[in-house]
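A closer look at the structure
Here is how the chains run, residue by residue.
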4 protein chains.
Amino acid sequence: MFNIALFGCGRIGKVHAVNIDAHPMTQIRAVIDPYTEGAAQLAEKYHADVMTTEEALADPDIHAVCICSATDTHANLIELAAKAGKAIFCEKPIDLSLDRVRACLDTVAESAVKFLVGFNRRYDPQFRTLKDLFESGAIGKAETLVITSRDPSPPPADYVRVSGGIFRDMSIHDLDMARFIMGEDPVSVSAHGACLVDPAIGEAGDIDSAVIVLHFPSGAMANIINSRRSGYGYDQRIELHGSKGMLKAGNVREHLVEHWGEDDCSSAKPQYFFLERYKEAYIAEWQHFVDVLEGKTEPQCTGIDGEQALVLAEASLESLETHQTVNLT
Amino acid sequence: MFNIALFGCGRIGKVHAVNIDAHPMTQIRAVIDPYTEGAAQLAEKYHADVMTTEEALADPDIHAVCICSATDTHANLIELAAKAGKAIFCEKPIDLSLDRVRACLDTVAESAVKFLVGFNRRYDPQFRTLKDLFESGAIGKAETLVITSRDPSPPPADYVRVSGGIFRDMSIHDLDMARFIMGEDPVSVSAHGACLVDPAIGEAGDIDSAVIVLHFPSGAMANIINSRRSGYGYDQRIELHGSKGMLKAGNVREHLVEHWGEDDCSSAKPQYFFLERYKEAYIAEWQHFVDVLEGKTEPQCTGIDGEQALVLAEASLESLETHQTVNLT
Amino acid sequence: MFNIALFGCGRIGKVHAVNIDAHPMTQIRAVIDPYTEGAAQLAEKYHADVMTTEEALADPDIHAVCICSATDTHANLIELAAKAGKAIFCEKPIDLSLDRVRACLDTVAESAVKFLVGFNRRYDPQFRTLKDLFESGAIGKAETLVITSRDPSPPPADYVRVSGGIFRDMSIHDLDMARFIMGEDPVSVSAHGACLVDPAIGEAGDIDSAVIVLHFPSGAMANIINSRRSGYGYDQRIELHGSKGMLKAGNVREHLVEHWGEDDCSSAKPQYFFLERYKEAYIAEWQHFVDVLEGKTEPQCTGIDGEQALVLAEASLESLETHQTVNLT
Amino acid sequence: MFNIALFGCGRIGKVHAVNIDAHPMTQIRAVIDPYTEGAAQLAEKYHADVMTTEEALADPDIHAVCICSATDTHANLIELAAKAGKAIFCEKPIDLSLDRVRACLDTVAESAVKFLVGFNRRYDPQFRTLKDLFESGAIGKAETLVITSRDPSPPPADYVRVSGGIFRDMSIHDLDMARFIMGEDPVSVSAHGACLVDPAIGEAGDIDSAVIVLHFPSGAMANIINSRRSGYGYDQRIELHGSKGMLKAGNVREHLVEHWGEDDCSSAKPQYFFLERYKEAYIAEWQHFVDVLEGKTEPQCTGIDGEQALVLAEASLESLETHQTVNLT
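Residues numbered from 1 in each chain as written. Chains lettered and ligands numbered in written order. Predicted model: local features only at pLDDT ≥ 70, side-chain atom pairs only at ≥ 80, totals over all residues. Heavy atoms only, no water.

1. A few points about the UniProt feature "domain: Gfo/Idh/MocA-like oxidoreductase N-terminal" (unreviewed entry) in chain A
- The sites that UniProt annotates as "domain: Gfo/Idh/MocA-like oxidoreductase N-terminal" (unreviewed entry) are residues 2-119 of chain A.
- Helix makes up 44% of residues 2-119 of chain A and strand 24%, whereas the separation of the span's terminal C-alpha atoms amounts to 22 Å. (UniProt positions renumbered as here; feature names shortened; annotations may be inferred. Helix = DSSP H or I, 4+ residues; strand = E, 2+ residues; numbered from the N terminus.)

As structure tokens, this is what we get:
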């Protein structure tokens, strides 16, 4: 049984809390959050203790940390946990600054602790099936990858202001997915965007609609289509076109009951947002982390992956601003 | 070029008129209808003459008749045309009385004219594809056939009263389809029904919802599901389950544009009724009749088929009334 | 926390063991099975004790029993548990003999213990959504219910011989579903069948393909289509046609990735069998039993439901043998 | 009845010949093609005369020309026909050189003849339905348009060499579609591409895979995804995302029969290529031209549309070469 210190008890912290508790090999030992009331509630629910960061990292009974706190605390907590010799699971991103990410990864490397970065979509059964079929040769050589990723509705401008911008906050998942599916790193990035959904997002200095084009060393291209609003739930689709056909992962609907009536034939919308759509992915992700803790496998999503996704997000921003393709080599 | 005498210029007569005219090998030479105004309009449109039955059948330039008149005139016209040596295309049914059908077929047999009965659905590209795939061995040996056939909305009670009842009027198409797909004649019929859609149909002595079960010599079964109302267009589906899988012919939708919105994801309904859904089938049916006229092929749907479908419809009625399975052998 | 005695550690016992253990309000306290090795393994896995029936029922710490043992032990165990004052969850069927079922229910009634019969499909999220939409008025008044239920592949003839026959063993789920969806008890049953899949099933005195038609007091009809073999996984579909349209619950596929290639566009098959398809249903069913234990709700599926489904299965058999509709009133 | 002079009797000429002949208001009067054998065959089939360009344009009985000849003859023929006062239908493109297009359009303007440019996809019932639903307000304000357009298999390098390149030859349809759907002209173009399908295309100086991004004055964006090879038929899809949801026009499949078997559930591929997919579009396009000839409507697709699509294709090429966004204002 592995004892886990959970940092952060917000929305995503609660998702991981459920999965840590449900897994037969892990339990929550400590909850750490400056919002003490929330920490106390979560700790009580899972029979854990509220601790400070120092207490948790000094506790020899704690084997690993699960970092779900505010983005700007990630890098510090990673470094502290690494120095304390704890295995680390950290929600994306490591940091919004590439320099800070690199410094942090150096510290992790020195400590040689196990480190898994949380790009949850890599564990989605649909996308995983697509990747497996591709790797089994179902469509030959990859030519064009099309990722559609649209949030159900836009975040408040206040969130946007501290988010690092659409590329670092939202597209970063798709940039990582492109690397994950294709199995290679892009050689160039071109990004296009507009503020169409909410003028307040534009006033906050960001865009809410984006199209990104990546070129890969193999010649293949990826086309990412993002929007902060779909109007019909969480739109998460992937098409991979290859020399012998296409693989296509569709949305997961809320249910499978159709209504055929006088006006039309209607089906349920896609599941509302990431908590619903990626529920299974979060469980599979935690299973992977447990496998890493048990020494059964190496982390499939490392600090390099966190860094590379951020490199691509920054290049996207540069391309958007310069109206030019940004070369990465 | 074959000259055609068109009997009847109602809804179905007009469907055939368009197809006769559009076919490079046929043209309308005569229009015959007691409703003289309608006959005159149709004749003018297609540069044909209004004739009496006697004139048309005596005209040596007329090669074939297309009988689209009222049901109770079919058998007489078939006999007259046969005696006049004209090739015959006749809309289903030959007659609502089995004795009358048999007498009529005897006359046709004596004359040895070419005779095609119009079960239009046999020419539907979807059902034809299903049959072709089945015959190519795609699902092995047939086990269960499920035919769903639901009209968009119920006919008026006045029509019901002279229609011969749901089995002779509506289910007859599905009974013929079952014989067509399975390639064998049922050995027993069981029918179940209710008046659920419109009490006026019940008052007219008929039912509006039916379930029919057929057993075939091979052991296979067919399950026909009928209703005079779908509420969402013309519901025309076939599933054929075999020893190695299933073939499934779905509805043809009005268009292929989906709308994904706040409430649901909606698609277009099935095409409204037989004029829309079986438009291509009527064209293919006429092509087949032309092939018969040219001597390229034998009629695929003969008097026997018209007779057998009626035998099954009558057995359905008997089963409904006796609450027993009716054996046909 | 409710302590559960689990009777039977075969396939379905293991399904319930996982769910009992995962539920925060229940734990397995005792495992009872004549196959002692299996009982010991399961008991060890869930930190429970192996007990005899007598020990378990005498143990005051045990609040409820979960009966997953062989069918012919159900009625006895129900009666013993009822007399011992334990709440009861029992997998369907109560017994294959209607007399035995009725005697057993009398005993349960005298003891006044809580009693839930396990018709798992009632808790399937798809069918539940269909029922909810129907009850919300989405399609008006019910007219025709069509239930397609096909197993992936036939059971061995040895199983068939002790199964009670297809109606009591397999169709009973669909007969219960028909009552559940329609909210009324049928007034007549007509059943049709054949042995098409495996001659050994016929030699065992059973059929493997069936079509059942039910009439309800409201006039509505239900049409159940069963087969012991689909050839493409577990085919579990429901269509409910009403006065204002149709609701349609489709199969749940193994995944949602499509492959478009040179030959065709392919999708995944339906989930293989009940363990996969009804995984969520079993969890929801157990949640419902916990709600019953907590006194939050009454059992949604009682002894009466178990009895009525068997009444319909027996009437189906009578109809099959007599080739007549069997009236139930 | 309008008499038509048909220039060019290759693949697309034959498509129009069928439609001209089938339309009750038009007939082929003259066939003009340097390949005299082909011209003679077509003329015989449709009871027309083989003529020279001069003869046809001098014939006062000829009301309109249908130009389906080689691309490099279009502009000349348009000018000659305009000077001869004939109404003109011309297959896209007017010319591969923008200067030549503009000179040609000046001549047409001087002559004031009726002039329709053949962008066939504008008449596709699916895309037309999407546009109509959009204009009726179904999804609010347009935000992102995604056009997927993939040919079934690549053309020979010899064709590529004279085609004007992928943007002028293939993407031009999608660039026109983007203008047609959005109802506004783009302000910038960014194009990305690669040679992935066939090295011979690269050796011919072209690419075979492209991604184009357009910005519109309203702020909306369009994303065009092209490939010379799908591997599964003609992939022609449009998604239009708006402020209140999405409209999605899917592919038209070869048929609607599904096969569910041991391995998977398979559906038919998209119709093979433009002759199949746009068959109805060509008929509707010709109907529109007849409406123009009859003075019932103005041409919906004019010389300006032909010119603007070419402007966008040229800007795409410039963007591809400079790796920069090209501004059009």
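Having seen the model, we can carry on.
2. So, the interface of chain C and chain B
- On the side of chain B, 36 residues touch chain C, which itself brings 36 residues to the contact.
- Taken together, the two surfaces of chain C and chain B that pack against each other cover about 2,900 Å², and 53% of this comes from carbon and sulfur.
- Counting the surface chain C buries against chain B, the share from its top three residues, Glu143, His192 and Leu196 of chain C, is 19%.
- The interface formed by chain C and chain B contains four salt bridges.
- The salt bridge partner of arginine 229 of chain B is glutamate 143 of chain C, with a shortest N-O separation of 2.2 Å.
- If you look at where chain C meets chain B, you find 14 residue pairs in polar contact (both at pLDDT 80 or more).
- The set of elements that each furnish at least two residues to the side of chain C that touches chain B consists of strand E7 (142-150), strand E8 (188-194), strand E9 (209-215), strand E10 (221-227), strand E11 (235-242) and strand E12 (245-249) of chain C. (Contact = heavy atoms within 4.5 Å. Buried area = accessible area lost by both parts, 1.4 Å probe. Salt bridge = Lys/Arg side-chain N within 4 Å of Asp/Glu carboxyl O. Polar contact = N/O pair within 3.5 Å; in protein donor to acceptor, adjacent residues only side chain to side chain.)

3. Overview of the packing of helix H5 (residues 98-111) of chain B against helix H12 (residues 303-322) of chain B
Residue and element names in this part refer to chain B.
- Contact geometry of H5 with H12 gives a least axis separation of 10 Å together with a crossing angle of 170°. On the basis of their axis angle, the class for H5 and H12 is roughly antiparallel. Note on element contacts: H12 touches H5 through Gly303, Ile304, Glu307, Leu310, Val311 and Glu314, opposite Leu98, Val101, Arg102 and Leu105.
- Partitioned by chemical class, the residues of the contact of H5 with H12 number six nonpolar, one polar and three charged. (Axes fitted to C-alpha atoms, helices over the stretch in contact; angles between N-to-C directions. Parallel < 35°, antiparallel > 145°, perpendicular 65-115°, else oblique. Nonpolar A, V, L, I, M, F, W, Y, C, P; charged D, E, K, R; others polar.)

4. Considerations on the relation of the copies chain D and chain A
- Note on the copies: chain D fits chain A at an RMSD of 0.0 Å, the axial shift is 0.0 Å, and the rotation between them is 180°. Those values place the two copies in the arrangement expected of a two-fold rotation axis. No C-alpha of chain D approaches the rotation axis more nearly than that of glutamine 324 of chain D, which lies at 2.2 Å.
- An overlap of 100% is found between the interface residues of chain D and their copies at the interface of chain A, pointing to a shared contact surface. (Least-squares fit on C-alpha atoms with pLDDT ≥ 70 in both.)

5. Topic: the interface of chain D and chain A
- Taken together, the contact between chain D and chain A spans 36 residues of the former and 36 residues of the latter.
- Overall, the association of chain D and chain A removes approximately 2,900 Å² of surface from exposure, summing both partners, and the carbon and sulfur fraction of that is 53%.
- Counting the surface chain D buries against chain A, the share from its top three residues, Glu143, His192 and Leu196 of chain D, is 19%.
- Linking chain D with chain A are four salt bridges, by the criterion used here.
- The partner of arginine 237 of chain D in a salt bridge is glutamate 239 of chain A, with the nearest N and O atoms 2.5 Å apart.
- Scanning the region where chain D abuts chain A turns up 14 residue pairs in polar contact (both at pLDDT 80 or more).
- Put simply, the parts of the chain that give the side of chain D that touches chain A at least two residues each are strand E7 (142-150), strand E8 (188-194), strand E9 (209-215), strand E10 (221-227), strand E11 (235-242) and strand E12 (245-249) of chain D.
- With five residues, E9 of chain D is the largest single contributor of residues to the side of chain D that touches chain A.

6. A short note on the domain arrangement of chain A
Residues and elements named next belong to chain A.
- Considered domain by domain, chain A is made up of domain 1 (2-113) and domain 2 (122-327).
- Relative placement of domain 1 and domain 2: their C-alpha centres are 25 Å apart.
- At the interface, 27 residues of domain 1 touch 25 residues of domain 2.
- Roughly 2,200 Å² of surface becomes buried between domain 1 and domain 2 when both sides are summed, with 75% attributable to carbon and sulfur atoms. (Domains from an automatic or database assignment.)

7. Considerations on the UniProt feature "domain: GFO/IDH/MocA-like oxidoreductase" (unreviewed entry) in chain A
- On the UniProt side, "domain: GFO/IDH/MocA-like oxidoreductase" (unreviewed entry) is annotated at positions that read residues 127-247 of chain A here.
- Annotated as 31% helix and 34% strand, the span residues 127-247 of chain A places its first and last C-alpha atoms 10 Å apart.

8. Considerations on the sheet that holds strand E4 (residues 64-67) of chain B
All names here are of chain B.
- In spatial order, the strands read E3-E2-E1-E4-E5-E6; together these six strands make up an open sheet with parallel pairing. Two strands bound the open sheet, and with one partner strand each, they are strand E3 (49-50) and strand E6 (115-118).
- Of the strands in this sheet, strand E1 (2-7), strand E2 (26-32), E4 and strand E5 (87-91) touch helix H1 (residues 11-22), which is tilted by about 150° from E2. (Pairing = 2+ DSSP bridges.)

9. What to know about the pattern of salt bridges
- Applying the stated criterion to the full structure yields 77 salt bridges over all chains.
- The partner of arginine 122 of chain B in a salt bridge is aspartate 305 of chain B, and the shortest N-O contact between them spans 3.4 Å. Here arginine 122 of chain B is found in the loop between E6 and helix H6 (125-135), whereas its partner aspartate 305 of chain B is found in helix H12, with 183 residues between them in sequence. Aspartate 305 of chain B shares its class with arginine 122 of chain B; the two are buried.
- One salt bridge connects lysine 131 of chain C with glutamate 135 of chain C, and the closest N-O pair in it is separated by 2.7 Å. A residue pair is termed a helical-turn pair when its members lie 3 or 4 positions apart in one helix, as lysine 131 of chain C and glutamate 135 of chain C do in helix H6 (residues 125-135) at four residues.
- In this structure, a network of salt bridges that share partners links the residues Arg122, Asp176, Arg179, Asp185 and Asp305 of chain A. (Buried < 20%, exposed > 50% of the residue type's maximum accessible area, 1.4 Å probe, protein only.)

10. A look at the side chain of aspartate 206 of chain B
- Relative to the helices and strands, aspartate 206 of chain B resides in the loop between helix H9 (199-203) and strand E9 (209-215).
- Despite its burial, aspartate 206 of chain B pairs with no opposite charge; the closest candidate is arginine 228 of chain B, at 4.4 Å N-O. (Lys, Arg positive; Asp, Glu negative; His and termini not counted.)

11. Some points on the sheet that holds strand E2 (residues 26-32) of chain D
Residues and elements named next belong to chain D.
- Within the open sheet, the six strands sit side by side as E3-E2-E1-E4-E5-E6. Their pairing is parallel. Of all the strands in the sheet, just strand E3 (49-50) and strand E6 (115-118) have a single pairing partner and so form its edges.
- Direction of pairing for strand E1 (residues 2-7) relative to E2: parallel, over a ladder of six bridges. Bridge pairing links alanine 5 to alanine 30 in E2.
- Sheet strands in contact with helix H1 (residues 11-22) are E1, E2, strand E4 (64-67) and strand E5 (87-91), and its direction is about 150° off that of E2.

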